[in-house]
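# Breakdown of the fold
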Amino acid sequence: MSDLQDTFLTGLEGIKKTILHGGSGNIPKFITGTKVTFHFRTQLCDDERTVIDDSKAVGTPMEIVIGNMFKLDIWETLLASMRIGEVAEFWCDTIHTGIYPLVSKSMRRIAEGKDPVDWQLHTCGMANMMAYHSLGYDDLDELMKEPKPLYFILELIRVQQPSEYNRESWALNDEERLKVVPVLHGQGNKLYKQGRYQEATQKYKEAIICIKNVQTKEKAWDVPWLKLEKMANTLTLNYCQCLLRMEEYYEVIEHTTDIINQHPGQAKAFFLRGRAHSEVWNEAEARQDFSRVLDLNPGMKKAVKKELAVLGMRMEEKNQEDKNKYKGMF
């Protein structure tokens, strides 16, 4: 291979490649279903070469399955030019990097153990961003406002063809995926009953991923799409019940709010959000949510009554604590 070809990826505008460490063997073949494992570092093109993300710092390499709708498809192109063990630096112009902040947000939330929806499918990233005007990370907000060229330093670790690895749920076809959902759902429920909340979240998460993967191929708001949406919401609410037990209250508020914004008739979403608000002493919001629950499902009166009693007690304790705190100050 000539040096010129090493430096430029032929036929692609806005990309320059420099090989930092040569790999071995031939360039592997990528087909639909090929699993690619690699490390990546993303840097700005400033004097300091500021690091935005680094998979080695997180401690786990990235894995993508070719043809599985990973949002940053430019990476598939870059990786397809590499040999095993190769480390290469790619300069990519803004036409290729505009969507990077959204992908980065999803990857960061997964690394932090926060996101129930797999990064390969985080289709609601766009919608969330429009809703909140912020990605929750200052450096990514900056990039979103003003896309810049970026350096991607990639190290290709492993390439496995579909026949060579144990296909996990995200590599199944649609029919197989939908068959695996009730199995995962059942496993999640069992783990929840055993008090193994962290493990239960993983099962619910995997089931949600299967559904979302199939759902992206349906036309939004059509009957098949809505059926899948209903299944996904049920699982997300189960996921939120685990989060409540794990005391991740703000995350529960975020996920239930997403569901309520799309489907305002979901009594269980209001109920779980009300409980989360109650835990963080948002009294007005909690009361408002519980009152919506009664409007939507009067059958939940007993459960709501119990939660309102708990809320009353919590607020009383907090007011007493506050009084004692301030008593010593004056």
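Given the structure is predicted, the values throughout are model-derived calculations rather than measurements.

### Quick look at the overall build of the protein
When you go through the protein residue by residue, the secondary structure sums to 14 helices and six strands. Sequence-distant contacts, at least 24 apart, represent 71% of the contacts inside the protein between residues at least 6 apart. Accessible area for the protein stands at about 17,600 Å²; split by element, carbon and sulfur atoms hold 52% of it.

### Side note on the UniProt feature "repeat: TPR" (unreviewed entry) in the protein
Taking the UniProt record as the reference, the feature "repeat: TPR" (unreviewed entry) is found at residues 267–300. Segment residues 267–300 splits into 79% helix and 0% strand. End C-alpha atoms: 9 Å apart.

### Here we look at the state of the cysteines
Applying the stated rule across the entire model yields zero disulfides. Here Cys240 stays free of any disulfide, with the sulfur of Cys242 as its closest cysteine sulfur at 9.1 Å. For Cys240, a relative accessible area of 0% translates into the label buried.

### A look at helix α12 (residues 267–279)
Each turn of an α-helix holds 3.6 residues, which means side chains three or four residues apart point in the same direction. With 13 residues, α12 should reach 18 Å at 1.5 Å per residue; the first-to-last C-alpha distance of 19 Å fits that figure. Buried residues dominate α12, accounting for ten of its 13 residues. When α12 is considered as a whole, its buried residues turn out to be Ala267, Ala269, Phe270, Phe271, Leu272, Arg273, Gly274, Ala276, His277 and Ser278. On its buried side, α12 packs onto α10 (223–245), α11 (249–262), α13 (283–296) and α14 (301–327).

### A closer look at the side chain of Gln161
As for its placement among the helices and strands, Gln161 is situated in the loop between β6 (150–160) and α8 (174–193). On the basis of relative accessible area, Gln161 is assigned to the buried category, the value being 19%. At 2.7 Å, the side chain of Gln161 forms a polar contact with the side chain of Thr34. If near-sequence neighbours (up to four positions away) are discounted, Gln161 is found in contact with Lys29, Ile31 and Thr34.

### What to know about the nonpolar core
Counting 40 residues, the largest nonpolar core has Tyr204 and Leu235 as its most contacted members. Looking at this core, the elements that each hand over two or more residues are α8, α9 (197–215), α10, α11, α12, α13 and α14. With nine residues, α10 is the largest single contributor of residues to this core. Setting aside chain neighbours within four positions, we find Tyr204 in contact with His185, Gly188, Asn189, Tyr192, Leu235, Asn238, Tyr239 and Cys242. Ranked by size, the runner-up nonpolar core spans 31 residues in total, among them Met62, Trp75, Ala88 and Phe90.

### Focus on the packing of α10 against α11
In the contact formed by α10 and α11, the axes pass within 9 Å of each other and the chain directions differ by 165 degrees. Taken together, the axes of α10 and α11 are roughly antiparallel relative to one another. The element α10 and its partner α11 pack so that their crossing is left-handed. Between α10, through Asn233, Thr236, Leu237, Tyr239, Cys240, Leu243 and Leu244, and α11, the contact on the second element is made entirely by Tyr249, Glu251, Val252, His255, Thr256 and Ile259. Its residues assigned to classes, the contact of α10 with α11 shows eight nonpolar, four polar and one charged.

### Some points on the packing of α8 against α9
It is at 8 Å that the axes of α8 and α9 come closest, and there the two elements cross at 160 degrees. As judged from the angle between their axes, α8 and α9 are roughly antiparallel. Between α8 and α9 the crossing geometry is left-handed. For the pair α8 and α9, the contacting residues are Asp174, Arg177, Leu178, Val180, Val181, Leu184, His185, Gln187, Gly188, Asn189, Leu191 and Tyr192 in the first and Tyr197, Glu199, Ala200, Lys203, Tyr204, Glu206, Ala207, Cys210, Ile211, Asn213 and Val214 in the second. Grouping the constituent residues of the contact of α8 with α9 by class yields 13 nonpolar, five polar and five charged.

### Observations concerning the pattern of salt bridges
Under the criterion given, the structure shown has 14 salt bridges. The shortest N-O distance in the salt bridge between Arg108 and Asp53 comes to 2.9 Å. Here the residue Arg108 occupies a position in helix α5 (residues 100–111), and Asp53 occupies one in strand β3 (residues 51–54), the gap between them amounting to 55 residues. Accessibility expressed as a relative area gives 9% for Asp53, which makes it buried. Glu199 serves as the salt-bridge partner of Arg196, at 2.9 Å between the closest nitrogen and oxygen. The structure contains a network of salt bridges with shared partners spanning Asp53, Arg108 and Asp139.

### Comments concerning unusual backbone geometry
Non-glycine residue Arg49 carries a positive phi angle of around 50 degrees. Tracing the sequence through the fold places Arg49 in the loop between β2 (35–44) and β3. Positive phi outside glycine occurs at Trp221, with the angle close to 70 degrees. Relative to the assigned elements, Trp221 resides in the loop between α9 and α10.

Cut-offs used in this document
- Residues numbered from 1 in each chain as written.
- Predicted model: local features only at pLDDT ≥ 70, side-chain atom pairs only at ≥ 80, totals over all residues.
- Heavy atoms only, no water.
- Helix = DSSP H or I, 4+ residues; strand = E, 2+ residues; numbered from the N terminus.
- Contact = heavy atoms within 4.5 Å.
- Areas by Shrake-Rupley, 256 points an atom, 1.4 Å probe, with all protein chains shown as cover.
- UniProt positions renumbered as here; feature names shortened; annotations may be inferred.
- Disulfide = S-S within 2.5 Å.
- Buried < 20%, exposed > 50% of the residue type's maximum accessible area, 1.4 Å probe, protein only.
- Expected span 1.5 Å × (residues − 1).
- Polar contact = N/O pair within 3.5 Å; in protein donor to acceptor, adjacent residues only side chain to side chain.
- Core = buried A, V, L, I, M, F, W, Y, C linked by side-chain atoms within 4.5 Å.
- Axes fitted to C-alpha atoms, helices over the stretch in contact; angles between N-to-C directions.
- Parallel < 35°, antiparallel > 145°, perpendicular 65-115°, else oblique.
- Left-handed = near helix turned anticlockwise from the far one by under 90°.
- Nonpolar A, V, L, I, M, F, W, Y, C, P; charged D, E, K, R; others polar.
- Salt bridge = Lys/Arg side-chain N within 4 Å of Asp/Glu carboxyl O.

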